[in-house]
Amino acid sequence: MTGTAAGAEVAQPQHEVLVVGAGFSGIGTAVGLLRSGVEDFLMLEEQDGAGGSWHTNRYPGIAVDISAFSYSFSFAPHASWSRAFPPGPELKAYAEACIDRYRLRSKMRFNSRVVQASYHEQTHLWEVELAGGDTLTARYLVCATGWLTKPKTPKLPGLDDYTGRVVHTARWDAGLDLTGKRVAVIGTGASSVQLVPEVAPRVKRLDVYQRTATWVFPKPDVPIPAAVRRTFAAVPWTQRAVRLATDTATEVGFVIAMIQYRRFPFLVRAGEAIARLYLRQQVCGDRELMAALAPRYRLGCKRPSFAKGYWRTFTRDNVRLHTDSLERITATGITTADGTEHPCDVLVLATGYHVLDNLPPFPVHGQGGRDLREFWREERFQTYEGTSVKGYPNLWFIVGPYSFTGGSWFGMIDYQVTHLTRVISEARRRGATQAVVRAEKHDASFRRALRRQPNTVFAHPSCQGTNSYYFDSLGDAPAVRPSSTYEAAWRARHFDLDDYHYDRVAAAPAPAPRSGGARHATE
């Protein structure tokens, strides 16, 4: 390692770590830092509150779409879920409870949107610029922004001419009353699957515009009896046992089926058979409706959903499914390809989020000033173990290319945080100020991900044209890590710490912060 001059001091940042994002990824990172002995960190959140997508998403019917026993931190089990698949407000409350339990509020700064991050090679510091002009410096930077941060608004011809109300599910207006209205919903993904059955009974007419059908499974959303909740609180191992069961079911039923498709194609076919049977039951055998709602691609090409009554909603007299392409938006409704105009009072965009095209979520400049967005688009999305990138020292992503296995979101947070805290702890032990993954180790990790791609369901020809956010423009599927969650967790605990190069900066002045850069209080 490079040493400092005798008697010289290394430039000190305002914070040892900056964590961008105060959703569950950011909360998990913060707890991991505390557990590893790092207390000097600040969490930056662009919204006015914590919780991430559970703070911003408030559309009717919002709920977690995997079992809450898997959708929670292993170190902070919650014994008071009202249902197996609790509604959004309970997830928001759980986030707030974790913040209070680990005393994180004093380390949060809200209404603080990061617009750029640049690495200073002379000082081994990240300089993070916020909207409004403030600048913060940190030794380490963690991007914990998640995927569901930037709503996708489709380019619909005539949308600006529409005179009715337009709302995106990701930015729902709590004061919007749909009772007796003619409502059009564009999109049939995860949010639509929850929204449609919730609003259908109270609207005058509901038109749902489908581009690509969605695989849907029955949702065993049963209430959790008070006696069970009391047992979970009094005997914690019982709740851990339930979590083990739900985690295992997710791994076998979806993750293994998806990433080991060539070895176990029968798992995918079995899942498809269950979903088709459920569809037949839901639409009472209506063959025309079944044909319209049945996906024409392999299960796993797109994210499937769990729902209660979604498909049955289309048997209602006031609900209509449209599979013709949408021609344009008019002043009073929607015109489809057959020339028919369908009037509506409210237009709901259930069109999801920018995912891969929002990585990184703000400009990031590493060694040599290279922009990470340009690097990923010129040389393909790639990471070391789904979290760090060659040429970008002291930087980790909780949700980056090849990070999420498709299983438990919290399992991913856990193994990503394990990875980064091991490296930070090792850098501290060595007295280093910089840790950057070695290029050869980074490239080997990327090659391993690419070698596994042909074994996954993503290589199946039916995945083409599904408009799945799993894929990038080159046909790679970097939104999913081709491994089980258990393998990813094992690798996070056992990767060789010498896969990183550690260095100590020569004494140099820290970049001068701009006005307001030293504020710590929440806003």
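Here the structure is a predicted model, which means the values were calculated and not measured.

Caption draft 1: Main features of unusual backbone geometry. Note that the residue after L359, namely P360, is joined by a cis bond; omega there is -15°. Mapped onto the elements, P360 comes out in the loop between β16 (346-349) and β17 (364-365). A positive phi angle is found at H124, which is not glycine, with a value near 60°. For H124, the position within the fold is in the loop between β4 (114-120) and β5 (125-130). Residue classification places H124 among the buried positions, given a relative accessible area of 5%. Of note in the backbone geometry, C284 takes a positive phi value of approximately 55° without being a glycine. Topologically, C284 is positioned in the loop between α7 (265-282) and α8 (287-293).

Caption draft 2: Spotlight on the sheet that holds strand β9 (residues 205-209). Read from one edge to the other, the open sheet built from five strands follows the order β7-β16-β8-β9-β12, with strand pairing classed as parallel. A single partner strand is all that each edge strand has here, and the edge strands are β7 (165-168) and β12 (319-322). Within the sheet, the average angular offset between the axes of one strand and its neighbour, ignoring direction, is 20°. Where strand β8 (residues 182-186) lies against β16, four bridges are found, and the strand directions are parallel. Counterpart to A184 in the pairing with β16 is L347.

Caption draft 3: Highlighting helix α10 (residues 372-379). Restricting attention to buried positions, one finds in α10 the residues L372, F375 and W376. The buried residues of α10 occupy one face: seen down the axis, they fall within an arc of 90°. As for α10, its buried residues are in contact with β17 and β18 (395-397). Two to three positions downstream of the cap, the backbone nitrogen of R373 sits 2.9 Å from a side-chain oxygen, assigning the N-cap of α10 to D371. Just past α10, the residue R380 takes up positive phi, approximately 80°.

Caption draft 4: Inspection of the pairing of β9 at higher detail. Within β9, four of the five residues are buried, which leaves it mostly tucked inside the rest of the structure. With five bridges joining them, β8 and β9 adopt parallel strand pairing. Along β9, the bridge assignment pairs R182 with R205. In the classification by handedness, the crossover that spans β8, the intervening helix α4 (residues 190-199) and the parallel β9 is right-handed. Sheet topology note: the β9/β12 ladder contains four bridges and is parallel. Bridged to L206 within β12 is V319.

Caption draft 5: Examining the nonpolar core more closely. F24, F73 and L206 are the most contacted members of the largest nonpolar core, which has 146 residues in total. It is helix α11 (residues 409-430) that provides the largest number of residues to this core, a total of ten residues. Once residues lying within four places of it in the same chain are set aside, the contact partners of F73 are F24, I27, G28, Y94, C98, R243, F410 and I413. Among the nonpolar cores identified, the runner-up in size contains eleven residues, and A184, I186, Y209 and L347 belong to it.

Caption draft 6: Molecular detail of the state of the cysteines. Tallying each qualifying case throughout the model produces one disulfide. Between C301 and C463 runs a disulfide, and the two sulfur atoms are separated by 1.9 Å. On the sign convention where negative means left-handed, the S-S torsion of about -75° between C301 and C463 marks this disulfide as left-handed. Note that C301 is positioned in the loop between α8 and β11 (305-307) and C463 in the loop between α12 (439-452) and α13 (485-494), a separation of 162 residues in sequence. On the basis of relative accessible area, C301 is assigned to the buried category, the value being 0%.

Rules and cut-offs
Residues numbered from 1 in each chain as written. Predicted model: local features only at pLDDT ≥ 70, side-chain atom pairs only at ≥ 80, totals over all residues. Heavy atoms only, no water. Helix = DSSP H or I, 4+ residues; strand = E, 2+ residues; numbered from the N terminus. Buried < 20%, exposed > 50% of the residue type's maximum accessible area, 1.4 Å probe, protein only. Pairing = 2+ DSSP bridges. Axes fitted to C-alpha atoms, helices over the stretch in contact; angles between N-to-C directions. Arc of directions from axis to C-beta. Contact = heavy atoms within 4.5 Å. Polar contact = N/O pair within 3.5 Å; in protein donor to acceptor, adjacent residues only side chain to side chain. Right-handed = clockwise from strand over helix to strand, strands pointing away. Core = buried A, V, L, I, M, F, W, Y, C linked by side-chain atoms within 4.5 Å. Disulfide = S-S within 2.5 Å.

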